[in-house]
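Observations on chain architecture
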Amino acid sequence: MNSPLETLFQSVSGPHWSAGAELMSLLLFARANTLWRSKGMRSTPLAMLMIRSAISVTLVCTLTWAQGVALPGWGTWTPVQLATVLLGMFGGWGLLLFATSLSQLPSRLVFFGGTVHLFFGAAMGFFVLGEEIGPVRGMVLALLLTAQIVLWWKDRQTWLAMPRVQRWIPFVIGFIWGMYYPSIGVVQSQLGVWNTIVLTEYGVFLTLLGAFAVQIRSQWTGFTQGVHYRQMGEQAVLSLLGQSFSALCIAWGGVVLHSILTNFSVIINVSAFRLRFGERIDWRYMGFFVAYGLLMVLMTYAD
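1. Observations concerning the overall build of the chain
Scanning the chain for helices and strands turns up 16 helices and 0 strands. Relative to its full complement of 303 residues, the chain shows a buried share of 55%. Intrachain contacts of the chain at a sequence separation of at least 6 include 87% that bridge at least 24 residues.

What follows is the structure, encoded as structure tokens:
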């Protein structure tokens, strides 16, 4: 039986609804992402992430029960449900790398590396899901890839000055998100939007629990500070809402459209970090991001 939320989700569709959903997601995540700069993320990041994930799982379970439907996986498990939990565990690694990178690195570098999400997402949508890209979108993808390589080359000293592991993490994050969200599109077509959210949150929790358990002695003090629960509680609520709107974007408009629209997040997030932390804006990157946004519009509506 569908939950009331699932029935509501299925009542509308179309690219304009999809674009509106992703805009809401981007705005919610812009605020949520600034919380990864909280003081506790420098001293006990795994404890902070564990708190966030525990609150998220509690929220989705409570909302499921409040709708009068059973939790997915409660009692029996199907192969697609198990695969969705594993997908959530994969996404959990993306969250772990993303959150810790934002706590340490300039936001423009983290988000710039994450723009490779577009290429992996578009490839997944085209080759796996059979979605159309078309000549205009293909041309724009090539232009964006060229622009990204040129910008990285011009600023290569900045990247090479970073520790070896850190310089590649933003691109790994982009790869993970590029594989994760298209896969969400596959499983939620079978499970529904809400059940997919619940099952992936199970997986995220398991990944973060494992990471925390390995470092439990050094991270335990993060659980003793009340401010961490307030900060991560806010982060959990905003992220769940943002994730829900992203899932609706995929359900209503497809994976390729989501991969396109989500790249507007770079402009919004870099601006949010500038307003919140006074972080310096590198106009070479911002010019690239603005051009990115304009080309996204072309890709969305030209084909």
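From this point on, the discussion continues.
2. Focus: helix α15 (residues 265–277)
Taking 1.5 Å per residue, 13 residues should reach 18 Å; α15 reaches 18 Å between its end C-alpha atoms and fits that length. Three or more residues of α15 are buried, namely Ser 265, Val 266, Asn 269, Val 270, Ala 272 and Phe 273. The buried side chains of α15 occupy one side of the element, clustering within an arc of 155 degrees when seen end-on. Residue Gly 278 follows α15 closely and has a positive phi angle near 65 degrees.

3. Details of the environment of Leu 71
Structurally, Leu 71 can be placed in the loop between α4 (45–66) and α5 (79–102). Residues Leu 71 and Cys 61, 10 residues apart in the sequence, show an inter-C-alpha distance of 6.9 Å. Discounting residues that sit within four places of it in the chain, Leu 71 has contacts with Cys 61, Thr 64, Trp 65, Val 198 and Tyr 202.

4. Focus: helix α13 (residues 226–253)
When the terminal C-alpha atoms of α13 are compared, their 41 Å separation across 28 residues agrees well with the 40 Å that a helix rising 1.5 Å per residue should span. The positive-phi residue at the C-terminal boundary of α13 is Gly 254, with phi of around 100 degrees.

5. Section: the pattern of salt bridges
A complete count under the given rule lists 2 salt bridges for this structure. A salt bridge links Glu 234 to Arg 31, with the shortest nitrogen-to-oxygen separation between them at 3.0 Å. Note that Glu 234 is positioned in helix α13 and Arg 31 in helix α2 (residues 15–34), a separation of 203 residues in sequence. Given the relative accessible area of 34%, Arg 31 is considered partly exposed. Across the pair Glu 201 and Arg 52 runs a salt bridge whose closest N-O atoms are separated by 3.7 Å. Here Arg 52 lies in helix α4 and Glu 201 lies in helix α11 (residues 193–214), a separation of 149 residues in the sequence. Residue classification places Glu 201 among the buried positions, given a relative accessible area of 2%.

6. A word on the layout of surface pockets
Here the largest pocket is characterised by a volume of approximately 240 Å³. Forming the boundary of the largest pocket are 13 residues, of which Leu 63, Trp 194, Leu 240, Leu 241 and Ser 244 lie nearest the centre. Those elements giving two or more residues to the lining of the largest pocket turn out to be α1 (4–9), α4, α11 and α13. In terms of residue count, α13 provides more of the lining of the largest pocket than any other element does, 6 residues in total. In terms of residue class, the lining of the largest pocket is made up of 12 nonpolar, 1 polar and no charged.

7. With respect to the packing of α5 against α11
Look at α5 against α11: their axes get within 6 Å of each other, and the N-to-C directions meet at 55 degrees. As the angle between them shows, α5 and α11 are arranged oblique. For the element pair α5 and α11, the recorded crossing hand is right-handed. Residue-level contacts link Gln 81, Thr 84, Val 85, Gly 88, Met 89, Gly 92, Trp 93, Leu 95 and Leu 96 of α5 to Thr 196, Leu 199, Thr 200, Tyr 202, Gly 203, Val 204, Leu 206, Thr 207, Leu 208 and Ala 211 of α11. Broken down by class, the residue content of the contact of α5 with α11 amounts to 11 nonpolar, 8 polar and no charged.

8. Here we look at the packing of aromatic side chains
Counting across every chain of the model gives 9 aromatic pairs. With a centroid separation of 6.1 Å and 55 degrees between ring planes, the pair formed by Trp 168 and Phe 171 is classed as tilted. Here Trp 168 pairs with Phe 171, and both are found in helix α10 (residues 164–191), just 3 residues apart, close to one helical turn. When the centroid spacing of 5.0 Å and the interplanar angle of 85 degrees are considered together, the rings of Phe 212 and Phe 223 count as edge-to-face. With Phe 212 in helix α11 and Phe 223 in the loop between α12 (216–219) and α13, this pair connects stretches of sequence that are 11 residues apart. Looking at Phe 212, the relative accessible area reads 6%, which means it is buried. Through a chain of ring-to-ring contacts, three or more aromatic side chains come together here, namely Trp 177, Tyr 180 and Tyr 181.

9. Thoughts on the packing of α11 against α13
The description of two helices packed together rests on the angle between their axes and the distance between the axes. Relative to each other, α11 and α13 sit at 130 degrees, their axes nearing to 10 Å. With respect to α13, the axis of α11 lies oblique. Between α11 and α13 lies a crossing of right-handed hand. On the side of α11, the interface is formed by Val 193, Ile 197, Thr 200 and Glu 201, while α13 contributes Leu 240, Gln 243, Ser 244, Ala 247, Leu 248 and Ala 251. The residue inventory of the contact of α11 with α13, partitioned by class, reads 6 nonpolar, 3 polar and 1 charged.

Rules used in this analysis
Residues numbered from 1 in each chain as written. Predicted model: local features only at pLDDT ≥ 70, side-chain atom pairs only at ≥ 80, totals over all residues. Heavy atoms only, no water. Helix = DSSP H or I, 4+ residues; strand = E, 2+ residues; numbered from the N terminus. Buried < 20%, exposed > 50% of the residue type's maximum accessible area, 1.4 Å probe, protein only. Contact = heavy atoms within 4.5 Å. Expected span 1.5 Å × (residues − 1). Arc of directions from axis to C-beta. Salt bridge = Lys/Arg side-chain N within 4 Å of Asp/Glu carboxyl O. 1 Å grid on protein atoms, 1.4 Å probe; cavity = no way out; pocket = protein on both sides within 12 Å on 5 of 7 lines; lining within 4 Å. Points joined across faces, edges and corners; volume = space filled by probe spheres on them. Nonpolar A, V, L, I, M, F, W, Y, C, P; charged D, E, K, R; others polar. Axes fitted to C-alpha atoms, helices over the stretch in contact; angles between N-to-C directions. Parallel < 35°, antiparallel > 145°, perpendicular 65-115°, else oblique. Left-handed = near helix turned anticlockwise from the far one by under 90°. Phe/Tyr/Trp six-rings, centres within 6.5 Å; stacked < 30°, edge-to-face > 60°.

None of this, on its own, says anything about what the molecule does.
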